[in-house]
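Here's the letter readout for the chains.
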Amino acid sequence: MDANPVSREPKDWPTGRLLSAVTRRIEREWNHHLDGWDLNHASMPVLLHLLAGPRTQRQLAAESHITEQTMSRILARLERSGYITREDDVNDRRRRAVAITPGGRTAALAAASPRPAEELSTRGLSEEQIATLREILITMVEAHPRPGEG
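Our subject in this report is the structure included herewith. Residue numbers restart at each chain and count upward from 1, following the sequence in its written direction. Given that the model is predicted, a residue must reach a pLDDT of at least 70 before its local features are reported, and side-chain atom pairs must reach 80 or more before they are shown or counted; all residues, however, enter totals for whole chains, interfaces and linings. Side-chain measures here rest on the full set of heavy atoms in the structure, leaving out hydrogens and waters.

## Focus on the overall build of the chain
1) Next: In this description a helix means any DSSP run of H or I spanning at least four residues, a strand means any run of E spanning at least two, and both kinds are numbered starting from the N terminus. Within the chain, the secondary structure is distributed over seven helices and three strands.
2) Next: At 19 Å, the chain has a C-alpha radius of gyration far larger than the 15 Å of a compact globule built from 150 residues.
3) Next: Along the first, second and third principal axes, the C-alpha atoms of the chain reach 60 × 35 × 30 Å.
4) Next: Looking at the chain, you have 21 positive and 21 negative side-chain charges, and the mean spots of the two groups are 6 Å apart. Computation of the radius of gyration draws on C-alpha atoms, with the globule rule given as 2.2 Å multiplied by the number of residues to the power 0.38. Positive charge is attributed to Lys and Arg, negative charge to Asp and Glu, and no charge count is given to His or to the chain ends. Lysine's charge is taken at NZ, arginine's at CZ, aspartate's at CG and glutamate's at CD.

Written out as structure tokens, the structure is:
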């Protein structure tokens with residue numbers, strides 16, 4: 001099959017374009033889901049990391065595979081929403097510890113319900129196709145090292 005990147009028909013698109021189109025559509029729908037808690041696809045993982053306990057901004061940036069500058073913007077938004085606090089780190093006065101608030105914990109647990117994400121990402125697929133998709137995605141994730149790992 002010769003992929004045609006200018007075709008309007010998805011069956012003619014290269015695999016990368018297909019993946020990109022699906023990813024963007026799912027991300028838009030996921031962000032719409034998260035809007036109910038004033039969250040987005042960038043802030044949600046941060047709250048999930050914080051469910052395990054306080055972290056520094058540097059730790060959160062590393063765990064999220066983003067820059068500290070980007071993490072700073074995400075944390076500012078979460079703080080405005082009342083989902084996190086930043087306090088002096090008892091182990092290092094030069095750093096601030098980021099902790100989840102009770103409201104942040106409630107929002108994270110409610111927004112992280114797996115059902116909406118599964119419905120968004122598997123719409124139109126049979127059970128067999130979902131199992132195959134999962135196998136393929138796991139293989140792809142494992143084949144592409146995270147930033148700083150490979």
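## Concerning a nonpolar patch on the surface
1) Next: Think of a patch as exposed residues, more than 30% relative accessible area, with no salt bridge, where like charges cluster within 9 Å and nonpolar side chains (Val, Leu, Ile, Met, Phe, Trp, Tyr) cluster within 5 Å. Methods summary: accessible areas were calculated by the Shrake-Rupley approach with a probe of 1.4 Å, and residue burial reflects only the protein chains presented. A side-chain nitrogen of Lys or Arg and a carboxyl oxygen of Asp or Glu constitute a salt bridge if their distance falls within 4 Å. Together, Leu19, Ile136, Leu137 and Met140 line one region of the surface with nonpolar side chains, adding up to about 310 Å² of accessible area.
2) Next: Ranked by residue count, the leading element in the nonpolar patch is helix α7 (residues 127-143), at three residues.
3) Next: On the secondary structure map, Leu137 appears in helix α7.

## What to know about the sheet that holds strand β2 (residues 84-89)
1) Next: The three strands lie next to each other as β1-β3-β2, forming an open sheet whose pairing is antiparallel. The outermost strands of the open sheet, each flanked by one partner alone, are β1 (55-56) and β2.
2) Next: Pairs of strands are assigned from DSSP output, requiring at least two bridges between the strands. The pairing of β1 with strand β3 (residues 92-100) spans two bridges and is classified as antiparallel. The residue of β3 that forms the bridge with Arg55 is Val98.
3) Next: Residues are treated as being in contact if the distance between any of their heavy atoms lies within 4.5 Å. Structural elements are reduced to axes, namely lines fitted to C-alpha atoms, with helices fitted over the stretch in contact, and the angle between N-to-C directions of any two is expressed from 0 to 180 degrees. The sheet strands contacting helix α4 (residues 68-80) are β2 and β3, and the helix crosses β2 at an angle near 115°.

## Topic: the environment of Ile74
1) Next: Mapped onto the elements of the fold, Ile74 is located in helix α4.
2) Next: A C-alpha to C-alpha distance of 8.3 Å links Ile74 and Val46, two positions 28 residues apart in sequence.
3) Next: Not counting residues within four places of it along the chain, the set of residues in contact with Ile74 comprises Ala42, Ser43, Val46 and Ile66.

## A word on the packing of aromatic side chains
1) Next: Pairing of aromatic side chains here covers Phe, Tyr and the six-membered ring of Trp, requires ring centres within 6.5 Å, and sorts the geometry by plane angle: under 30 degrees stacked, over 60 edge-to-face, intermediate tilted. The final tally for this structure, using the stated rule, is zero aromatic pairs.
2) Next: Directly above the ring of Trp13 sits Arg17, whose terminal nitrogen or CZ lies 3.9 Å from the centroid. As a reminder, the over-ring test applies to NZ of lysine and CZ of arginine, requiring each to be within 6 Å of the ring centre and within 35 degrees of the ring normal.

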